[in-house]
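# Chain and residue survey
What follows is each chain in one-letter form.
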Amino acid sequence: MTKEELDLLEQKLDAVELQIRKAEIRIEVTKTLNRYETYFQGADCNGITHGTCAWDDPDIWIDAGMGARLDGGRASLEFFDQRPALARMPGALVEHESCSMIVEVADDCMTAKTCDFAPGYKCLALGRSQVWSMGKCYHDFKQIDGQWLIFHRHWFVVCEAEAAYGLLYQNRSYWKECMFDELDSIHNGNITVPPVFVEYQDNYRKDGHLYLYPEPPDPYQTFDGNSDFKRTRGY
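Here the structure is a predicted model, which means the values were calculated and not measured. (Residues numbered from 1 in each chain as written. Predicted model: local features only at pLDDT ≥ 70, side-chain atom pairs only at ≥ 80, totals over all residues. Heavy atoms only, no water.)

## With respect to the overall build of the chain
If you tally the helices and strands in the chain, you get six helices and nine strands. When the 235 residues of the chain are sorted by exposure, 43% land in the buried category. As displayed, the chain offers around 12800 Å² of accessible surface, 56% of which is attributable to carbon and sulfur atoms. (Helix = DSSP H or I, 4+ residues; strand = E, 2+ residues; numbered from the N terminus. Buried < 20%, exposed > 50% of the residue type's maximum accessible area, 1.4 Å probe, protein only. Areas by Shrake-Rupley, 256 points an atom, 1.4 Å probe, with all protein chains shown as cover.)

## Concerning the environment of L70
With respect to the helices and strands, L70 occurs in strand β2 (residues 68-71). On the basis of relative accessible area, L70 is assigned to the buried category, the value being 11%. When the C-alpha atoms of L70 and R153 are compared, they prove to be 9.8 Å apart, with 83 residues separating the residues in sequence.

## Regarding a nonpolar patch on the surface
Taken together, the side chains of M1, L6, L9 and L13 make up a nonpolar region of the molecular surface, amounting to roughly 420 Å² of accessible area. Structurally, L6 is set in helix α1 (residues 3-41). Of the residues examined, L6 reaches a relative accessible area of 43% and is grouped as partly exposed. (Patch = residues over 30% accessible without salt bridge, like charges linked within 9 Å, V, L, I, M, F, W, Y side chains within 5 Å. Salt bridge = Lys/Arg side-chain N within 4 Å of Asp/Glu carboxyl O.)

## Remarks on the side chain of T111
In this fold, T111 is placed in strand β5 (residues 111-117). Within the local environment of T111, its side chain forms a polar contact with the side chain of Y220, the two groups lying 2.8 Å apart. Contact partners of T111, with chain neighbours within four places excluded, come to V105, A106, F141, K142, W148, Y220 and F223. (Polar contact = N/O pair within 3.5 Å; in protein donor to acceptor, adjacent residues only side chain to side chain. Contact = heavy atoms within 4.5 Å.)

## Examining the side chain of E104
One can find E104 in strand β4 (residues 99-105). Although buried, E104 forms no salt bridge, and the nearest oppositely charged side chain, R26, lies 4.8 Å from it. (Lys, Arg positive; Asp, Glu negative; His and termini not counted.)

## Observations concerning the nonpolar core
Grouped together as the largest cluster of nonpolar side chains are 23 residues, with contacts concentrated most on V29, Y36, F40, W55, F80 and F141. Secondary-structure elements contributing two or more residues to this core are α1, α2 (45-49), α3 (73-81), β4 and β8 (147-162). Excluding residues that lie within four positions of it along the chain, F141 makes contacts with V29, T32, L33, M110, T111, A112, T114, W148, L149, I150 and F151. The next biggest cluster of nonpolar side chains, apart from the first, holds five residues, and it includes M66, A118, W155 and V157. (Core = buried A, V, L, I, M, F, W, Y, C linked by side-chain atoms within 4.5 Å.)

## Details of unusual backbone geometry
Look at C109: it is not a glycine, yet its phi comes out positive at around 60°. Its place among the elements puts C109 in the loop between β4 and β5.

## Describing the packing of aromatic side chains
Counting across every chain of the model gives two aromatic pairs. Taken together, a centroid distance of 6.5 Å and an interplanar angle of 85° make the contact between Y121 and W132 edge-to-face. Note that Y121 is positioned in strand β6 (residues 120-124) and W132 in strand β7 (residues 129-144), a separation of eleven residues in sequence. Take Y121: its relative accessible area is 28%, and that puts it in the partly exposed class. Ring centres 5.5 Å apart and planes at 75° place the aromatic pair F151 and F223 in the edge-to-face group. Residue F151 is found in strand β8, and its partner F223 is found in the segment after β9 (196-197); the two are separated by 72 residues along the sequence. Stacked on the ring of F117, the Lys or Arg K136 has its end atom at 4.8 Å from the ring centre. (Phe/Tyr/Trp six-rings, centres within 6.5 Å; stacked < 30°, edge-to-face > 60°. Lys NZ or Arg CZ within 6 Å of the ring centre and 35° of its normal.)

## With respect to the pattern of salt bridges
All chains considered together, the criterion is met by seven salt bridges. Where E37 meets R153, a salt bridge forms, and the shortest distance between an N and an O atom there is 3.6 Å. Note that E37 is positioned in helix α1 and R153 in strand β8, a separation of 116 residues in sequence.

## Details of the confidence of the model for the chain
Residues of the chain with pLDDT of at least 70 account for 87%, and the chain-wide mean is 83. The weakest mean pLDDT in the chain belongs to helix α5 (residues 173-178) at 58; the strongest belongs to β5 at 95. (pLDDT = per-residue confidence, 0-100.)

Here it is as C-alpha coordinates:
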(Lines give C-alpha, C1' and ligand atoms only; values in the text may rest on other atoms or scores of the structure.)
Protein backbone atom coordinates (compact mmCIF):
# COMPACT_ATOMS: atom_id res chain seq x y z
CA MET A 1 0.00 0.00 0.00
CA THR A 2 1.38 3.37 -1.02
CA LYS A 3 1.76 6.37 1.26
CA GLU A 4 -1.06 8.14 -0.58
CA GLU A 5 -3.35 5.16 -0.02
CA LEU A 6 -2.41 5.03 3.67
CA ASP A 7 -3.10 8.75 4.04
CA LEU A 8 -6.48 8.36 2.36
CA LEU A 9 -7.36 5.41 4.59
CA GLU A 10 -6.39 7.41 7.67
CA GLN A 11 -8.60 10.30 6.55
CA LYS A 12 -11.52 7.92 6.08
CA LEU A 13 -10.98 6.40 9.53
CA ASP A 14 -10.84 9.89 11.08
CA ALA A 15 -14.12 10.78 9.36
CA VAL A 16 -15.78 7.60 10.65
CA GLU A 17 -14.53 8.25 14.19
CA LEU A 18 -15.90 11.80 14.03
CA GLN A 19 -19.33 10.57 12.95
CA ILE A 20 -19.35 7.98 15.74
CA ARG A 21 -18.43 10.64 18.28
CA LYS A 22 -21.15 12.97 16.97
CA ALA A 23 -23.70 10.16 17.18
CA GLU A 24 -22.74 9.54 20.81
CA ILE A 25 -23.10 13.25 21.57
CA ARG A 26 -26.54 13.41 19.91
CA ILE A 27 -27.70 10.63 22.21
CA GLU A 28 -26.38 12.42 25.32
CA VAL A 29 -27.86 15.78 24.26
CA THR A 30 -31.24 14.19 23.58
CA LYS A 31 -31.19 12.47 26.99
CA THR A 32 -30.38 15.75 28.76
CA LEU A 33 -33.14 17.67 27.00
CA ASN A 34 -35.73 14.94 27.59
CA ARG A 35 -34.68 14.82 31.24
CA TYR A 36 -35.10 18.60 31.50
CA GLU A 37 -38.58 18.52 29.92
CA THR A 38 -39.70 15.67 32.16
CA TYR A 39 -38.49 17.40 35.32
CA PHE A 40 -40.02 20.71 34.23
CA GLN A 41 -43.43 19.15 33.69
CA GLY A 42 -43.28 17.59 37.14
CA ALA A 43 -41.93 20.80 38.71
CA ASP A 44 -39.02 18.75 40.02
CA CYS A 45 -36.52 21.52 40.66
CA ASN A 46 -33.99 19.16 42.19
CA GLY A 47 -33.97 17.27 38.93
CA ILE A 48 -33.72 20.42 36.83
CA THR A 49 -30.95 21.92 38.91
CA HIS A 50 -28.79 18.79 38.93
CA GLY A 51 -27.57 17.56 35.60
CA THR A 52 -29.52 19.51 32.97
CA CYS A 53 -28.15 23.09 32.81
CA ALA A 54 -24.72 24.70 33.10
CA TRP A 55 -25.65 26.97 36.03
CA ASP A 56 -22.06 28.03 36.75
CA ASP A 57 -21.30 29.00 33.17
CA PRO A 58 -20.96 32.81 32.93
CA ASP A 59 -22.79 32.83 29.59
CA ILE A 60 -25.89 30.90 30.66
CA TRP A 61 -29.25 32.49 29.83
CA ILE A 62 -32.88 31.41 29.52
CA ASP A 63 -35.40 33.30 27.42
CA ALA A 64 -39.04 32.26 27.65
CA GLY A 65 -40.03 34.51 24.76
CA MET A 66 -42.13 36.92 26.81
CA GLY A 67 -40.08 40.11 26.79
CA ALA A 68 -37.51 39.18 29.42
CA ARG A 69 -34.40 37.03 29.62
CA LEU A 70 -32.86 35.37 32.67
CA ASP A 71 -29.14 36.11 32.52
CA GLY A 72 -26.83 34.05 34.69
CA GLY A 73 -27.29 30.99 36.84
CA ARG A 74 -28.75 32.75 39.86
CA ALA A 75 -31.59 34.42 37.98
CA SER A 76 -32.45 31.14 36.26
CA LEU A 77 -32.38 29.13 39.48
CA GLU A 78 -34.66 31.64 41.21
CA PHE A 79 -37.18 31.14 38.41
CA PHE A 80 -37.13 27.37 38.87
CA ASP A 81 -37.38 27.72 42.64
CA GLN A 82 -40.95 28.91 42.06
CA ARG A 83 -42.02 25.72 40.35
CA PRO A 84 -42.65 23.42 43.38
CA ALA A 85 -45.06 25.89 44.99
CA LEU A 86 -46.91 26.17 41.69
CA ALA A 87 -47.08 22.39 41.27
CA ARG A 88 -48.57 21.91 44.75
CA MET A 89 -51.53 24.15 43.94
CA PRO A 90 -54.82 22.27 43.47
CA GLY A 91 -55.60 21.71 39.82
CA ALA A 92 -52.16 22.75 38.52
CA LEU A 93 -51.19 20.89 35.36
CA VAL A 94 -48.35 21.90 33.02
CA GLU A 95 -46.97 19.85 30.15
CA HIS A 96 -44.67 20.67 27.25
CA GLU A 97 -43.56 18.08 24.75
CA SER A 98 -40.40 17.97 22.67
CA CYS A 99 -40.86 16.62 19.17
CA SER A 100 -39.25 16.69 15.71
CA MET A 101 -35.95 17.59 17.35
CA ILE A 102 -32.88 18.33 15.24
CA VAL A 103 -29.43 18.04 16.85
CA GLU A 104 -26.36 19.55 15.18
CA VAL A 105 -22.98 18.80 16.75
CA ALA A 106 -19.99 21.05 16.10
CA ASP A 107 -17.09 19.53 14.18
CA ASP A 108 -14.86 20.16 17.20
CA CYS A 109 -17.35 18.18 19.36
CA MET A 110 -17.29 20.89 22.04
CA THR A 111 -20.86 22.18 21.62
CA ALA A 112 -24.19 21.22 20.06
CA LYS A 113 -27.32 23.07 18.90
CA THR A 114 -30.90 21.83 18.88
CA CYS A 115 -34.31 23.00 17.80
CA ASP A 116 -37.65 21.28 18.31
CA PHE A 117 -41.39 21.86 18.37
CA ALA A 118 -42.82 22.29 21.87
CA PRO A 119 -46.61 21.88 21.93
CA GLY A 120 -48.17 21.94 25.38
CA TYR A 121 -50.93 23.00 27.71
CA LYS A 122 -51.38 24.21 31.26
CA CYS A 123 -54.22 24.45 33.70
CA LEU A 124 -54.00 26.65 36.79
CA ALA A 125 -57.24 26.41 38.70
CA LEU A 126 -56.46 29.25 41.14
CA GLY A 127 -55.58 31.49 38.22
CA ARG A 128 -58.76 30.46 36.43
CA SER A 129 -56.64 29.74 33.40
CA GLN A 130 -56.60 26.77 31.01
CA VAL A 131 -54.59 27.33 27.87
CA TRP A 132 -52.89 25.81 24.88
CA SER A 133 -49.24 26.80 24.78
CA MET A 134 -47.49 26.30 21.44
CA GLY A 135 -44.04 27.16 20.18
CA LYS A 136 -40.56 26.04 19.25
CA CYS A 137 -37.43 25.70 21.37
CA TYR A 138 -33.77 26.34 20.67
CA HIS A 139 -30.85 25.20 22.84
CA ASP A 140 -27.09 25.46 22.95
CA PHE A 141 -25.27 22.65 24.74
CA LYS A 142 -21.71 22.25 25.96
CA GLN A 143 -19.83 19.49 27.71
CA ILE A 144 -18.82 20.19 31.30
CA ASP A 145 -17.13 17.55 33.47
CA GLY A 146 -18.30 14.82 31.12
CA GLN A 147 -21.95 15.96 31.01
CA TRP A 148 -23.76 17.61 28.13
CA LEU A 149 -25.60 20.59 29.64
CA ILE A 150 -27.85 23.41 28.39
CA PHE A 151 -26.34 26.89 28.54
CA HIS A 152 -28.80 28.74 26.27
CA ARG A 153 -32.52 28.02 26.16
CA HIS A 154 -34.91 30.09 24.07
CA TRP A 155 -38.59 29.32 23.88
CA PHE A 156 -40.24 30.98 20.88
CA VAL A 157 -43.89 31.33 21.86
CA VAL A 158 -46.13 30.98 18.83
CA CYS A 159 -49.38 31.30 20.73
CA GLU A 160 -50.82 30.99 24.21
CA ALA A 161 -54.57 30.85 24.00
CA GLU A 162 -57.47 30.10 26.29
CA ALA A 163 -58.57 26.56 25.49
CA ALA A 164 -62.24 27.52 25.46
CA TYR A 165 -61.78 30.05 22.65
CA GLY A 166 -58.98 28.73 20.46
CA LEU A 167 -55.77 30.04 19.01
CA LEU A 168 -57.24 33.05 17.22
CA TYR A 169 -58.22 34.53 20.60
CA GLN A 170 -54.83 34.28 22.24
CA ASN A 171 -54.28 36.57 25.19
CA ARG A 172 -50.74 35.85 26.33
CA SER A 173 -52.09 34.00 29.31
CA TYR A 174 -48.79 33.82 31.22
CA TRP A 175 -49.00 37.50 32.06
CA LYS A 176 -52.68 37.09 32.90
CA GLU A 177 -51.76 34.44 35.45
CA CYS A 178 -49.23 36.73 37.10
CA MET A 179 -51.94 39.31 37.82
CA PHE A 180 -53.93 37.02 40.10
CA ASP A 181 -53.28 37.58 43.79
CA GLU A 182 -53.25 33.83 44.39
CA LEU A 183 -50.21 33.45 42.13
CA ASP A 184 -48.42 36.71 42.80
CA SER A 185 -46.27 35.43 45.65
CA ILE A 186 -45.12 32.48 43.57
CA HIS A 187 -44.06 34.52 40.58
CA ASN A 188 -42.45 37.36 42.51
CA GLY A 189 -41.81 36.30 46.10
CA ASN A 190 -38.20 35.15 45.94
CA ILE A 191 -36.80 36.98 42.93
CA THR A 192 -33.63 38.92 43.77
CA VAL A 193 -32.17 39.07 40.25
CA PRO A 194 -34.74 40.63 37.91
CA PRO A 195 -34.98 39.48 34.28
CA VAL A 196 -33.27 41.56 31.61
CA PHE A 197 -35.67 43.34 29.28
CA VAL A 198 -35.61 42.19 25.67
CA GLU A 199 -37.86 43.41 22.90
CA TYR A 200 -41.00 41.31 22.78
CA GLN A 201 -41.62 39.63 19.44
CA ASP A 202 -45.04 38.35 18.51
CA ASN A 203 -44.43 35.23 16.46
CA TYR A 204 -48.09 34.71 15.60
CA ARG A 205 -49.83 36.91 13.05
CA LYS A 206 -53.40 36.76 11.86
CA ASP A 207 -52.77 39.31 9.12
CA GLY A 208 -49.72 37.92 7.33
CA HIS A 209 -47.37 35.03 6.69
CA LEU A 210 -46.04 33.12 9.67
CA TYR A 211 -42.30 32.74 10.13
CA LEU A 212 -41.64 30.30 12.93
CA TYR A 213 -38.26 30.60 14.59
CA PRO A 214 -35.93 28.94 15.16
CA GLU A 215 -34.77 27.39 11.93
CA PRO A 216 -32.87 24.11 12.05
CA PRO A 217 -29.22 24.71 12.95
CA ASP A 218 -26.67 24.46 10.16
CA PRO A 219 -23.53 22.32 10.35
CA TYR A 220 -20.78 24.33 12.05
CA GLN A 221 -17.13 24.01 13.00
CA THR A 222 -17.05 25.63 16.44
CA PHE A 223 -19.33 27.79 18.58
CA ASP A 224 -18.83 31.46 17.73
CA GLY A 225 -21.54 33.09 19.83
CA ASN A 226 -24.11 33.14 17.06
CA SER A 227 -27.42 31.88 18.32
CA ASP A 228 -30.91 31.30 17.01
CA PHE A 229 -32.09 34.17 14.82
CA LYS A 230 -31.03 32.86 11.44
CA ARG A 231 -33.53 33.89 8.79
CA THR A 232 -33.53 32.51 5.27
CA ARG A 233 -37.03 33.07 3.94
CA GLY A 234 -38.00 36.34 2.32
CA TYR A 235 -41.03 36.96 4.52
